Amino acid sequence: MTDAQEIRPFQIDIDEADLADLQLRLERTRRPHPVPGDTDDWSRGIPGGYLSALAEYWRTTYDWRQAERELNRYPQYTTEIDGQVIHFFHVRSPEPDAMPLLITHGYPGSAVEFLHLLGPLSDPVAHGGDAADAFHVVVPSLPGFGFSTPLSGAGWELGRTSAAFAELMTRLGYERFAAQGGDIGAGITGRLGATVPDRVIGTHVNSDRGTLALAGEFVPLPDDLDDEDLAVVKEAKAAWQAGRGYLDLQNHTPDTIAAALTDSPVAQLAWIAEKFQLWTDPAKSPEESVDRDQLLTLVSIYWFCRAGASAARFLYEAAHSDLGWVAESSVPSGWAVFNSSPVVRRIADPEHRVAHWSDFTEGGHFPAMECGELLVEDVRTFFRTLGR
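A brief report on the enclosed structure follows. (Residues numbered from 1 in each chain as written. Predicted model: local features only at pLDDT ≥ 70, side-chain atom pairs only at ≥ 80, totals over all residues. Heavy atoms only, no water.)

**Notes on the pairing of strand β2 (residues 76-81)**
Bridge count between strand β1 (residues 8-9) and β2: 2 bridges; the pairing is antiparallel. If you follow R8 over to β2, its bridge partner there is T78. As paired elements, β2 and strand β3 (residues 84-91) share 6 bridges and run antiparallel to each other. Paired with Q76 across the two strands is F89, which belongs to β3. Between β2 and the antiparallel strand that follows it, β3, lie 2 residues; D82 among them carries a positive phi value of about 55°. (Pairing = 2+ DSSP bridges. Helix = DSSP H or I, 4+ residues; strand = E, 2+ residues; numbered from the N terminus.)

Here it is as C-alpha cells:
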C-alpha cells in the first residue's frame, strides 16, 4: 500500500472546546413561540415541548465522554479511498473460520447504530451462540457521515461508495465477504452483489412497512390485492407523502438545510429525532423503541462532524446520479422486514425470488437499535445456509 492507502488506527477524541461550544449553544437556544394547547401534536413535526425536554437532557444529563469511551472500546480505523477518508469499525472474531461481514448504515443513521451488535456477531460463543455463526465485522461510515468527513468533493453516491467499500474489504484482506444493510445500506449491499458478484457470498437487507410506499411507482401494484390490502398500501403511501419533505429538500437544495444543521444543535436534534418518532415501532414511543443515550450519541456525532450538511449532499448526489436504489443481483439474498405486513412480500417479492424472507411485527427502520437480537439472529440464520 502507498501512504495514502494505509489503514490507520483511530480513536474518537472530541475537543473540550467543541463540548463547551455545544453546551453554550444548547443553553442559548432560541425557541419558537409555543402555540397554546399544541404540546404533544406530531402532525406538524416534532412538538416544541418534546424537543425542549430532549435538548435539556442532552445539555444537562447525557454524558458524551462516557459514550466516547464506549465507542473506543471497539477497534476503529481510517483509510483514504478514491480521495475520501473512510472511517470504519473492524472487529475480528476469535473464531478462525469466521465469515467477513460488511454492514452499511442508512439515513439518518450512523455506524454507531450497530455498536451493541458487534460482540454477538463477532463472538457468538461469548453471547450464548454457536461458533459456526461468527463474523469478522466491518462497519464503515458512509462518505459524508460520521467520521468519514469532510467530503473530499462532489460525486459521492451509491455506485462510487460501493466501489470504495469493495476496495476497503480488499485492503482488509477479505477477498470474499457477506454484505448487510438497510436504507442507503440496502442500496450499497445490493449494488455490491450486482457489481462484484464473485466476491459477495450473499446479501442481506432490512426494511420496514414503508417499503409499501414504493408500490405503483418503483414496483408494480399486483392485481389481486383485496380492499384490506389496498388500505394497508394507501396508509403507507399517505405516511410517506406526509413525511418525505426531508428528502425532497435535500434532493434539491441540500446547502440550504445544511446551514441550519451545522449552526444549531437543536435543529440537528429535531431533524433526526423526528425520524425516530416516525420510523420506529408505531406501538412504542421513541424512548421505548431506542435507548435515549444511544440516540443522542448518534445525534452528537452528526453535530461534532458537521455531518448534517455532508449527509444531505450525499442524498443529493444519489438523487442526481443515473443509478436506481435497487440493483439486480444473482447472489443469494435475504430480506428481513420489521413492523411488517403480509402485503410487503406480495408487492416487493411476488415471485418469491428472495431465498430468505423474514417478517417481524416488531421494530421499524432502525432494527439494530430497536430489536438487535432479532436482526442478529436473522443474519445468522441466512448466512448459515451459505457456508463459509
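**Observations concerning the pattern of salt bridges**
In the structure shown here, the tally under the stated rule is 21 salt bridges. The salt bridge partner of D21 is R25, with a shortest N-O separation of 2.8 Å. Placement of both D21 and R25 in helix α1 (residues 16-27) is noted, with a separation of 4 residues, approximately one turn of the helix. Note on D21: relative accessible area 30%, which makes it partly exposed. The partly exposed category is assigned to R25, whose relative accessible area is 30%. One salt bridge in this structure joins R65 and E68, with 2.7 Å as the shortest N-O distance. Remark: E68 and R65 occur in helix α3 (residues 64-71); sequence separation between them is 3 residues, near one turn of the helix. E68 carries the same exposure label as R65, and that label is buried. Salt bridges linked by common partners bring D13, E16, R65 and E68 together as one network. (Salt bridge = Lys/Arg side-chain N within 4 Å of Asp/Glu carboxyl O. Buried < 20%, exposed > 50% of the residue type's maximum accessible area, 1.4 Å probe, protein only.)

**Brief notes about the sheet that holds strand β9 (residues 356-359)**
Within the open sheet, the 9 strands sit side by side as β1-β2-β3-β5-β4-β6-β7-β8-β9. Their pairing is mixed. Edge strands, defined here as strands with exactly one partner in the open sheet, are β1 and β9. With respect to the sheet, helix α6 (residues 184-195) is in contact with β4 (99-104), β6 (177-182) and β7 (200-208), its orientation differing from that of β6 by roughly 150°. The sheet contacts of helix α16 (residues 372-384) involve β4, β5 (135-140), β6, β7, β8 (333-338) and β9, and relative to β7 the element is tilted by about 145°. (Contact = heavy atoms within 4.5 Å. Axes fitted to C-alpha atoms, helices over the stretch in contact; angles between N-to-C directions.)

**Examining helix α13 (residues 307-319)**
If you check α13, its first and last C-alpha atoms are 18 Å apart, about what 13 residues at 1.5 Å a residue would give, namely 18 Å. Buried within α13 are the following residues: A307, G308, A309, S310, A311, A312, F314, L315 and A318. (Expected span 1.5 Å × (residues − 1).)

**Re the nonpolar core**
With 100 residues, the main nonpolar core has W64, Y107, L121, I184 and L192 as its most contacted residues. Top contributing element to this core by residue count: helix α12 (residues 292-305), with 9 residues. Residues contacting I184, with those up to four places away along its chain left out, are H105, G106, Y107, L142, F145, L158, F314, L315 and W325. A215, V337, V343 and V344 belong to the second largest nonpolar core, which has 14 residues in total. (Core = buried A, V, L, I, M, F, W, Y, C linked by side-chain atoms within 4.5 Å.)

**Re unusual backbone geometry**
With omega at -5°, the peptide bond leading from Y107 into P108 counts as cis. Cis geometry marks the peptide bond from T149 to P150, where omega comes out at -5°. Secondary-structure assignment places P150 in the loop between β5 and α5 (158-171). The backbone phi angle of N339 is positive, close to 50°, even though this residue is not glycine. Structurally, N339 is set in the loop between β8 and α14 (342-348). Under the relative-accessibility criterion, N339 is labelled buried at 16%.

**Considerations on the packing of aromatic side chains**
One pass over the structure, following the stated rule, counts 16 aromatic pairs. A centroid spacing of 5.4 Å and a plane angle of 55° characterise the contact between F10 and F147, whose relative ring orientation is tilted. Here F10 is found in the loop between β1 and α1, whereas its partner F147 is found in the loop between β5 and α5, with 137 residues between them in sequence. For F10, a relative accessible area of 21% gives the class partly exposed. Judged by relative accessible area, which is 13%, F147 ranks as buried. Between the aromatic rings of W279 and F366, the centroid separation amounts to 6.4 Å while the plane-to-plane angle is 25°, which identifies the pairing as stacked. One end of the pair, W279, is in helix α10 (residues 265-279); the other, F366, is in the loop between β9 and α15 (367-370), with 87 residues separating them in the sequence. Under the relative-accessibility criterion, W279 is labelled buried at 16%. Take F366: its relative accessible area is 1%, and that puts it in the buried class. Connected via pairs of aromatic rings, a cluster forms that spans Y107, F145, W240, Y246, F276, W279, Y302, F314 and F366. The ring centre of W156 lies 4.1 Å from the NZ or CZ of R160, which sits over that ring. (Phe/Tyr/Trp six-rings, centres within 6.5 Å; stacked < 30°, edge-to-face > 60°. Lys NZ or Arg CZ within 6 Å of the ring centre and 35° of its normal.)

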